[in-house]
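# Notes for the structure review
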Amino acid sequence: MKKWLILLAIGFLLILLIGIFFFFVETAPSAPLKIVKNPAEGMTKEEAILEFREEYIDYLIFAIGGWKLHNPPLSEDTPKIKVTLGNETYVSEIIDTEIKTTKRNISNEDMEIATTKEVIVGILLADNMEEYARQSVENGEISFELKTSYSKLLSKGYLQLYESLTGNSLTGKIIRIFRS
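The paragraphs below set out a description of the structure included in this document. Everything numeric in this text was worked out from a predicted model, so none of it was measured. (Residues numbered from 1 in each chain as written. Predicted model: local features only at pLDDT ≥ 70, side-chain atom pairs only at ≥ 80, totals over all residues. Heavy atoms only, no water.)

### Overview of the sheet that holds strand β1 (residues 80-85)
Overall, mixed pairing links the five strands, which are arranged β3-β2-β1-β4-β5 in an open sheet. At either margin of the open sheet sits one strand with a lone partner, and together these are β3 (98-103) and β5 (143-146). With strand direction ignored, the average angle separating the axes of adjacent strands in the sheet is 20°. Pairing between strand β4 (residues 111-115) and β5: four bridges, direction antiparallel. Each residue of the ladder has a partner; that of A114, found in β5, is S143. On top of the sheet, helix α4 (residues 117-125) reaches β1, β2 (88-95) and β4; it is set at about 115° to β1, its chief contact. (Pairing = 2+ DSSP bridges. Helix = DSSP H or I, 4+ residues; strand = E, 2+ residues; numbered from the N terminus. Axes fitted to C-alpha atoms, helices over the stretch in contact; angles between N-to-C directions. Contact = heavy atoms within 4.5 Å.)

Printed below as a string of structure tokens:
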């Protein structure tokens, strides 16, 4: 009888922990604290490329839903996206729905996006940013590299962001990993 109670308690505790984990994983912020405006609005493509600055990447990350990324449960590890534009490197860090991009390099990013200034400006000036971004991914003008474990990506909320950009499901990859 005692063994069954202990097994039942352990089973209940495991289910509770898994439930809490998935609650935090799926719980994205409902609204950004600060709305980011398109810094290239009203410019020509050439002007925007000449005046390229961190705010362009802030807006791009914001527009693709990066503001929904969050720290894993009980952790101070903020989501970090490295954006490589030729020989320039920017890092966007998401802190409480606010995107802060600086021109620097890091080695502990969650995801790396490699593209060009021209492609980013093209996305910012496009009538349908999401479609333009998707086409750029399909054409190989933008590449993504996941730099951390799938469990960490999942716990920070990258699932929807990755799926919206690539059209591929990160969930399927995670399930295949756990099955093997």
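From this point, the narrative continues.
### Examining the nonpolar core
Counting 36 residues, the largest nonpolar core has F52, Y56, I57, I61, I81, I120 and L124 as the members making the most contacts within it. When residues of this core are traced back to their parent elements, those giving at least two are α3 (54-63), β1, β2, β4, α4, α5 (129-138) and α7 (158-166). Ranked by residue count, the leading element in this core is α3, at six residues. When neighbours within four sequence positions are excluded, Y56 is seen to be in contact with P39, A40, M43, A48, E51, I120, V121 and L124. (Core = buried A, V, L, I, M, F, W, Y, C linked by side-chain atoms within 4.5 Å. Buried < 20%, exposed > 50% of the residue type's maximum accessible area, 1.4 Å probe, protein only.)

### A closer look at the packing of aromatic side chains
In total, this model carries two aromatic pairs according to the counting rule given. Here a set of aromatic residues connected by ring pairs shows up, and it is made of F52, Y56 and Y90. (Phe/Tyr/Trp six-rings, centres within 6.5 Å; stacked < 30°, edge-to-face > 60°.)

Bear in mind that shape data such as this cannot, by itself, settle questions of function.
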